[in-house]
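These are the residues of each chain, in order.
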Amino acid sequence: MIDDIRTMPKALEIYLEITRYPILARTIRERMRQELFSRRIIAPDVFEQEVREKAVRSQFREGLEDPYVQESPEVWLERVQQIRDYLTDFYFAYNLPHSLFEEIVQSVLQGRTPDKEVILTFNPELAPWDMLFAKAEEYESYPPGEKAKVQHHLREIIVVLIKGMISDQLAFIGIAKNFFTIADLKEIRRRRIGRGKIGGKAAGMMLAYKILQHALKEGDIDDLKCPISIPDSYFIGADVFYEFHQLNRLHDFHNQKYKSHDEIVAEYPQVVEAFTSGRFPEGVLARLRDLLAELGQTPLIVRSSSLLEDNFGSSFAGKYDSFFCPNQGTLDENLVALAEAIKCVYASVHNPSALLYRRQKGLLDYDERMAVLIQKVEGRRFRNYHFPTVAGVAFSRNPFRWNRKIRREDGFLRMVWGLGTRAVDRVANDYPRMVALSHPQLRPEKSAKEIRKYSQHFVDLIDLAENRMKTMPVAEVISADYPGIRLLASLDKGDYVQPIFSLGGDLDPNAMVLTFEGLVKDTAFVSAVRAILKTLEKYYQVPVDVEFAVDILAERPHPKYNFHLLQCRPLISQEWEEDMLLPEDVPESDKLFSAHKLVPHGVVSNVRYIVYVDPEAYSRITERSVKLEIGRIIGRLNKRFEGEQFILMGPGRWGSSNIDLGVKVTYADIYNTRVLVEIAMGKDGETPEVSYGTHFFQDLVEAQIYPLPLYPNDQGVVFNRAFLDNAPNVLPELLPADAPYADYVKVIDVPAASRGRFLEIVMNGEQDEALAYLTISSKVKDEK
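Residues numbered from 1 in each chain as written. Predicted model: local features only at pLDDT ≥ 70, side-chain atom pairs only at ≥ 80, totals over all residues. Heavy atoms only, no water.

Caption draft 1: Representation of the overall build of the protein chain within the structure. The secondary structure content of the protein chain amounts to 31 helices and 27 strands. For 784 residues, the compact-globule formula gives about 28 Å, and the C-alpha radius of gyration of the protein chain, at 31 Å, lands near that figure. In the protein chain, the proportion of contacts linking residues at least 24 apart, taken out of those at least 6 apart, comes to 75%. When the accessible surface of the protein chain is summed, it comes to about 33700 Å², and 50% of that surface belongs to carbon and sulfur atoms. Seen as two clouds, the 98 positive and the 113 negative side-chain charges of the protein chain have centres 1 Å apart. (Helix = DSSP H or I, 4+ residues; strand = E, 2+ residues; numbered from the N terminus. Rg over C-alpha atoms; globule rule 2.2 N^0.38 Å. Contact = heavy atoms within 4.5 Å. Areas by Shrake-Rupley, 256 points an atom, 1.4 Å probe, with all protein chains shown as cover. Lys, Arg positive; Asp, Glu negative; His and termini not counted. Charge placed at Lys NZ, Arg CZ, Asp CG, Glu CD.)

Caption draft 2: Inspection of the packing of helix H13 (residues 200-218) against helix H23 (residues 523-540) at higher detail. Contact geometry for H13 and H23: axes closest at 10 Å, N-to-C directions at 105 degrees. Of the possible angle classes, the one that applies to H13 and H23 is roughly perpendicular. Here Gly204, Leu207, Ala208, Ile211, Leu212, His214 and Ala215 of H13 come into contact with H23, specifically with Ile532, Thr535, Leu536, Tyr539 and Tyr540. Counted by class, the contact of H13 with H23 contains 9 nonpolar, 3 polar and no charged residues. (Axes fitted to C-alpha atoms, helices over the stretch in contact; angles between N-to-C directions. Parallel < 35°, antiparallel > 145°, perpendicular 65-115°, else oblique. Nonpolar A, V, L, I, M, F, W, Y, C, P; charged D, E, K, R; others polar.)

Caption draft 3: Structural detail: the environment of Asp310. Assignment of secondary structure puts Asp310 in the loop between strand S4 (300-306) and strand S5 (322-325). In this structure Asp310 comes out as buried when scored by relative accessible area, which is 6%. A sequence separation of 27 residues divides Asp310 from Gly283, and the C-alpha atoms of the two residues are 29 Å apart. (Buried < 20%, exposed > 50% of the residue type's maximum accessible area, 1.4 Å probe, protein only.)

Caption draft 4: Summary view of the pattern of salt bridges. Under the counting rule described, the total for this entry stands at 50 salt bridges. Here Glu547 and Arg569 are joined by a salt bridge, their closest N and O atoms 3.7 Å apart. Placement of Glu547 in strand S17 (residues 544-554) and of Arg569 in strand S18 (residues 560-570) is noted, with a sequence separation of 22 residues between them. The same class applies to Glu547 as to Arg569, namely buried. As a salt-bridge pair, Glu588 and Lys591 come within 2.9 Å of each other at their nearest N and O atoms. Overall, Lys591 belongs to the buried group, its relative accessible area being 17%. Members of the salt-bridge network, linked through shared partners, are Glu187, Arg190, Arg191, Asp232 and Lys376. (Salt bridge = Lys/Arg side-chain N within 4 Å of Asp/Glu carboxyl O.)

Caption draft 5: Examining helix H4 (residues 44-61) more closely. Between its first and last C-alpha atoms H4 spans 26 Å; for 18 residues at 1.5 Å apiece the expected length is 26 Å, and the two agree. Among the residues of H4, those classed as buried are Phe47, Glu48, Glu50, Val51, Ala55, Ser58 and Gln59. One or two steps after H4, the chain reaches Gly63, where phi turns positive at roughly 90 degrees. (Expected span 1.5 Å × (residues − 1).)

Caption draft 6: How the structure looks around empty space enclosed by the protein. Under the counting rule described, the total for this entry stands at 4 cavities of 30 Å³ or more. Volume-wise, the largest cavity comes out at about 50 Å³. Surrounding the largest cavity, Arg26, Glu30, Arg33, Gln81, Arg84, Pro128, Asp130, Met131 and Ala134 form its lining. Those elements that place two or more of their residues in the lining of the largest cavity are helix H3 (22-38), helix H6 (73-95) and helix H8 (129-140). Looking at side-chain class alone, the lining of the largest cavity contains 3 nonpolar, 1 polar and 5 charged residues. (1 Å grid on protein atoms, 1.4 Å probe; cavity = no way out; pocket = protein on both sides within 12 Å on 5 of 7 lines; lining within 4 Å. Points joined across faces, edges and corners; volume = space filled by probe spheres on them.)

Caption draft 7: Structural view of a nonpolar patch on the surface. Taken together, the side chains of Tyr86, Phe90 and Tyr94 make up a nonpolar region of the molecular surface, amounting to roughly 390 Å² of accessible area. Its place among the elements puts Tyr94 in helix H6. Exposure remark for Tyr94: the relative accessible area of 64% places this residue in the exposed category. (Patch = residues over 30% accessible without salt bridge, like charges linked within 9 Å, V, L, I, M, F, W, Y side chains within 5 Å.)

Caption draft 8: Representation of the sheet that holds strand S15 (residues 497-499) in the model. Strand order across the open sheet formed by 3 strands is S15-S14-S16, with antiparallel pairing between neighbours. The sheet is open, and its two borders are formed by S15 and strand S16 (512-514), each paired with just one other strand. Across the sheet, the mean angle from the axis of one strand to that of its neighbour is 45 degrees, orientation sign disregarded. Sheet topology note: the strand S14 (residues 489-492)/S16 ladder contains 3 bridges and is antiparallel. The partner of Ala489 across the bridge, within S16, is Leu514. (Pairing = 2+ DSSP bridges.)

Caption draft 9: Looking closely at the side chain of Ser396. Inspection of the secondary structure puts Ser396 in the loop between strand S9 (390-395) and strand S10 (412-416). A polar contact of 2.6 Å, which involves the side chain of Ser396, links it to the side chain of Glu537. With residues near it in sequence (within four places) discarded, Ser396 still touches Arg408, Glu409, Asp410, Gly411, Leu533, Glu537, Pro543 and Val544. (Polar contact = N/O pair within 3.5 Å; in protein donor to acceptor, adjacent residues only side chain to side chain.)

Caption draft 10: Geometry of unusual backbone geometry. With phi around 65 degrees, Asn327 is a residue other than glycine that occupies positive phi space. Here Asn327 shows up in the loop between S5 and helix H17 (331-347). What makes Asn327 buried here is its relative accessible area of 4%.

Caption draft 11: Geometry of the nonpolar core. Formed by 95 residues in total, the largest nonpolar core has its most connected members in Ile166, Phe180, Met415 and Trp417. Not counting residues within four places of it along the chain, the set of residues in contact with Met415 comprises Val390, Ala391, Gly392, Pro432, Arg433, Val435, Phe516, Leu519, Val520, Phe525 and Phe548. Residues Tyr234, Phe280, Leu292 and Cys325 belong to the second largest nonpolar core, which totals 42 residues. (Core = buried A, V, L, I, M, F, W, Y, C linked by side-chain atoms within 4.5 Å.)

Caption draft 12: Structural context of the packing of aromatic side chains. One pass over the full model with this rule turns up 26 aromatic pairs. Centre to centre, the rings of Phe241 and Phe275 are 6.5 Å apart; their planes meet at 20 degrees, and the pair counts as stacked. Taken together, the residues Phe241 in helix H14 (residues 239-247) and Phe275 in helix H15 (residues 261-276) connect sequence positions 34 residues apart. Above the ring of Tyr234, the side-chain terminus of Arg191 is found at 4.7 Å from the ring centroid. Directly above the ring of Tyr711 sits Lys597, whose terminal nitrogen or CZ lies 4.3 Å from the centroid. (Phe/Tyr/Trp six-rings, centres within 6.5 Å; stacked < 30°, edge-to-face > 60°. Lys NZ or Arg CZ within 6 Å of the ring centre and 35° of its normal.)

Caption draft 13: View of the sheet that holds S9. Strand order in the open sheet formed by 6 strands is S2-S18-S17-S9-S10-S11, with mixed pairing between adjacent strands. With partners counted over all chains shown, the strands left at the sheet margins are strand S2 (228-229) and strand S11 (433-436), one partner each. Two strands pair when backbone bridges link them, and S9 and S17 are joined in this way by 6 bridges, in the antiparallel orientation. Looking at the pairing, Ala391 lines up with Ala549 of S17. H13 contacts S2 and S18 of the sheet and is inclined by roughly 130 degrees relative to S18. With respect to the sheet, H23 is in contact with S2, S9, S10, S17 and S18, its orientation differing from that of S17 by roughly 150 degrees.

Caption draft 14: Structural context of the environment of Glu340. Within the element layout of this structure, Glu340 appears in helix H17. Glu340 sits 17 residues away from Phe323 along the chain, and the two C-alpha atoms are 9.5 Å apart.

Caption draft 15: Up close: the pairing of strand S21 (residues 609-613). Burial analysis of S21 places 5 of its 5 residues in the buried class, the great majority of the element. Judged by which residues are buried, S21 turns out to be covered on both faces: Tyr609, Val611 and Val613 on one side and Ile610 and Tyr612 on the other are all buried. One ladder, built from 4 bridges, connects S21 with strand S22 (residues 646-651); its direction is parallel. Opposite Tyr612, over in S22, you have Met649 as the bridge partner. Note: S21 against strand S25 (residues 745-749), 5 bridges, orientation antiparallel. Bridge pairing links Ile610 to Ile748 in S25.

Caption draft 16: Fine view of the packing of helix H10 (residues 151-165) against helix H12 (residues 182-190). At their nearest, the axes of H10 and H12 sit 11 Å apart, and the two run at 25 degrees to each other. If you check the angle between H10 and H12, you find them roughly parallel. Judged by the twist between their axes, the crossing of H10 over H12 is left-handed. Here H10 contributes Ile158, Leu161, Ile162 and Met165 to the contact with H12, which in turn contributes Ile182, Leu185, Ile188 and Arg189. Here the residues of the contact of H10 with H12 sort into 7 nonpolar, no polar and 1 charged. (Left-handed = near helix turned anticlockwise from the far one by under 90°.)

In structure tokens, the structure reads:
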């Protein structure tokens, strides 16, 4: 037994005995290598280089002609470890005395006694990962009493591996080190292709899942009655991004981020072409082929997971690209499609919106490498389509308070039927279901007409027969035999909308409205989502938002669900000041506009410029090119007004993909504004849709931009059209080349048009009231 080893005088007898204890032998060899390195018998890098060279030679001696394909990563690691052990024995035996070997063995065995402090004999920051995993596994194999004495060493090793494999962001590490085990890290390593970190999106998803697992185990999460899982996931390490650069000579684009915004925009098509024309290292391509062969014809999604994504203070929501791969072709065809998707994700690192976002966040100098997250698409097959039953985004704090009963701290849900793309993107002519988790059945819409209009009309899905992602009308896909239909849809009865009480072949798909009423009435579902959000916020110590998919496993007698966690990131929220009182003594002539629906909370003072796109003039434009140019003019004004206080006022949806519903802009066109006013269009005065919960909304929140919907036709609302119409337009002075568009875009210099006064906007989210009025500068007020 081990105790007997301590009395054996001969090194050979000791060696033969300890080989019966692999973990012990591994520890002894680590000490032997440290002696070799510290005595300068051989340098660590030279030693490791020889290990790899001999490992490669052994592959060829065994007849492996294409090792990347013929040998799995696990076998390769075992081969390397065996040769490392052999070389350790060889160099030690030929250069150092047997007595030193006996001393090492005695020292290691003494370290295993309970009354002896265990000392880590190497620097984890400099040690090879194989050594770190081996030592950590040894520590985790100790009995509880001994393990407690090495817990600090184990924690240090885990931190080093997290920094090297997952994320080097300190806020993330501070939480993650408490939840990741060495087994978790080993599994991530097994699923990783290439070297480098797995990136922020993958890191956030994994951490949130570990937190929820821990909370369930500790009984620290209430009201969660459904299983939680994450998609089957694989990672392409961030270092492969640079290998791809090197192989394809893409060095010209390394410093793209330091060019002007105009240059970045103009050159981006060239960047995309260069990246998509590139090729991958053979080893990476072989691993991708193996992965596809293992997964079979399962739909996949290729997601960006850059080093900066989903971090504290910078979400990068929607800045980088993700792509669906239906994966229904031959292995070779699927490999081409997968490689193409990864290349496009790589190219999006140089996306103008992403680079501008980094510039605004002070992150331009960071080495932003792109890792890639490859996942199975959650959902199941229905006819020839694959999609999840429900998908969307959920916030632990509710930014969308349309009724004073709603409690912000209970959270908010934005969900759709099918792929979640329609929940996080601001799409045209379609609306997800928005749910206040404190009052899930309290809708922002009141009438049956509004419920029909503001419901989901299209579904994103994967067409397995056509091998592509597509968007289809809901009525062409939905039917009475869809699993869980009574939880998802209601029946349009003209003057009212009613639940589906019975199923049958006579149910008209065109009469079905996706209300999700059965789902939000189920306390088990609502409580589960709320519990997940509250638990994650508790451990993150900041509000969070998550992207998710849900499968309905059973509808009767009680609904059962499976909750799939797709993403989790810290949520940046705007400051909330409790006492934001609207002034009561403002003359009517000084009021510019007021609002009483969906009002955020805050105050914006000293506004000098108003950029106003007249909704009526915009609606009369028939040329698409003119509407697109208006969006570009907004971008030029945004740049021109850097450092100035200005607001944007325009029709319908800012940032809509449908230019007939609003001005088509991106974050890059609006990031300097303070308030984004969306003026309801149409005779009925209904606004098309607010942006809450979308990536566009996340941009507004992070940039401290207040979204404010305005309903000019509502009773009691102030809308001083005379001031907007009669004020001089200074657009030709500011941007002479854009003077021909002055009929559509008006720039008002507020002090020049109001005898030296500025615009102030006070917004009280608690009372759902806002007022914009002319007043003297707050600086002058302070001086008085």
